[in-house]
Amino acid sequence: AVVSTQSTGKQIGDLEFVEMFDQQYPNHSWTDVDKKFCKMIKECFESASSLPPPRGIAHSAQSRAIYALDMMLKWNDDKTEMVPQLLEVNFNPDNQRACQYHPNFYNHCLKTLLCEDIDGIPVTEIS
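Throughout what follows, the structure given in this document is the object of discussion.

Scoring rules and cut-offs
- Residues numbered from 1 in each chain as written.
- Predicted model: local features only at pLDDT ≥ 70, side-chain atom pairs only at ≥ 80, totals over all residues.
- Heavy atoms only, no water.
- Helix = DSSP H or I, 4+ residues; strand = E, 2+ residues; numbered from the N terminus.
- Buried < 20%, exposed > 50% of the residue type's maximum accessible area, 1.4 Å probe, protein only.
- Contact = heavy atoms within 4.5 Å.
- Areas by Shrake-Rupley, 256 points an atom, 1.4 Å probe, with all protein chains shown as cover.
- Lys, Arg positive; Asp, Glu negative; His and termini not counted.
- Charge placed at Lys NZ, Arg CZ, Asp CG, Glu CD.
- Patch = residues over 30% accessible without salt bridge, like charges linked within 9 Å, V, L, I, M, F, W, Y side chains within 5 Å.
- Salt bridge = Lys/Arg side-chain N within 4 Å of Asp/Glu carboxyl O.

So, on to the overall build of the protein. Scanning the protein for helices and strands turns up four helices and two strands. Element order for the protein, N to C, with α for helix and β for strand: α-α-β-β-α-α. Expressed as lengths along the three principal axes of its C-alpha atoms, the size of the protein is roughly 45 × 35 × 25 Å. When burial is assessed residue by residue, the protein has 19% of its 127 residues classed as buried. Sequence separation of at least 24 residues holds for 46% of the intrachain contacts in the protein that already meet a minimum separation of 6. In the structure as shown, the protein presents an accessible area of about 9500 Å², 51% of it carried by carbon and sulfur atoms. For the protein, the distance from the average site of its 11 positive side-chain charges to the average site of its 18 negative ones is 4 Å.

Right, let's get into unusual backbone geometry. Cis geometry marks the peptide bond from Pro-53 to Pro-54; its omega dihedral reads 10°. Position of Pro-54 among the secondary structure elements: in the loop between helix H2 (30-48) and strand S1 (67-75). A positive phi angle, near 60°, is found at Lys-79, a position not held by glycine. The topology assignment puts Lys-79 in the loop between S1 and strand S2 (82-91). Phi is positive for Asn-92, close to 55°, though the residue is something other than glycine. Among the residues examined, Asn-92 registers a relative accessible area of 61% and is labelled exposed.

So, about a nonpolar patch on the surface. Together, Ile-57, Tyr-67, Met-71, Leu-86, Val-89 and Phe-91 line one region of the surface with nonpolar side chains, adding up to about 480 Å² of accessible area. It is S2 that contributes the most residues to the nonpolar patch, three residues altogether. By the element assignment, Met-71 lies in strand S1. Take Met-71: its relative accessible area is 31%, and that puts it in the partly exposed class.

Let us look at the side chain of Asn-76. Within the element layout of this structure, Asn-76 appears in the loop between S1 and S2. Given a relative accessible area of 19%, Asn-76 falls into the buried group. Every residue in contact with Asn-76, bar those within four places of it in the chain, is listed here: Glu-81 and Val-83.

Overall, the coordinates contain five salt bridges when judged by the stated rule. The closest approach of N and O atoms between Lys-39 and Glu-43, which form a salt bridge, is 2.7 Å. Residue Lys-39 and its partner Glu-43 are both found in helix H2; the two are separated by four residues, about one turn of the helix. With relative accessibility at 40%, the residue Glu-43 sits in the partly exposed group.

Structure, rendered in structure tokens:
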């Protein structure tokens, strides 16, 4: 994950973001929020592939696509829960910033996508 934040005026890495998030919102653990993001991502791709082309993404055993998702958090109406919001999904994104924060980004992507090997790779399996 590559995290952008406007509140600090600087770019921060994902590990630093999680630590800062948990300190700033002690009643809302990042682990719980991350689970909501994963659920939303799964539902997005299930929905996108639920109809045949051209209305949906075709199923393909050979597909090794890379997508970028722009997301944010929004408070619910009574300000008790942070709700993930999906802003956009990009196919074949520019991963320059990902490579700056994670120099092995493409090595990890290729090992995951082509070798189907996630041992020792910082990925979250969404099932």
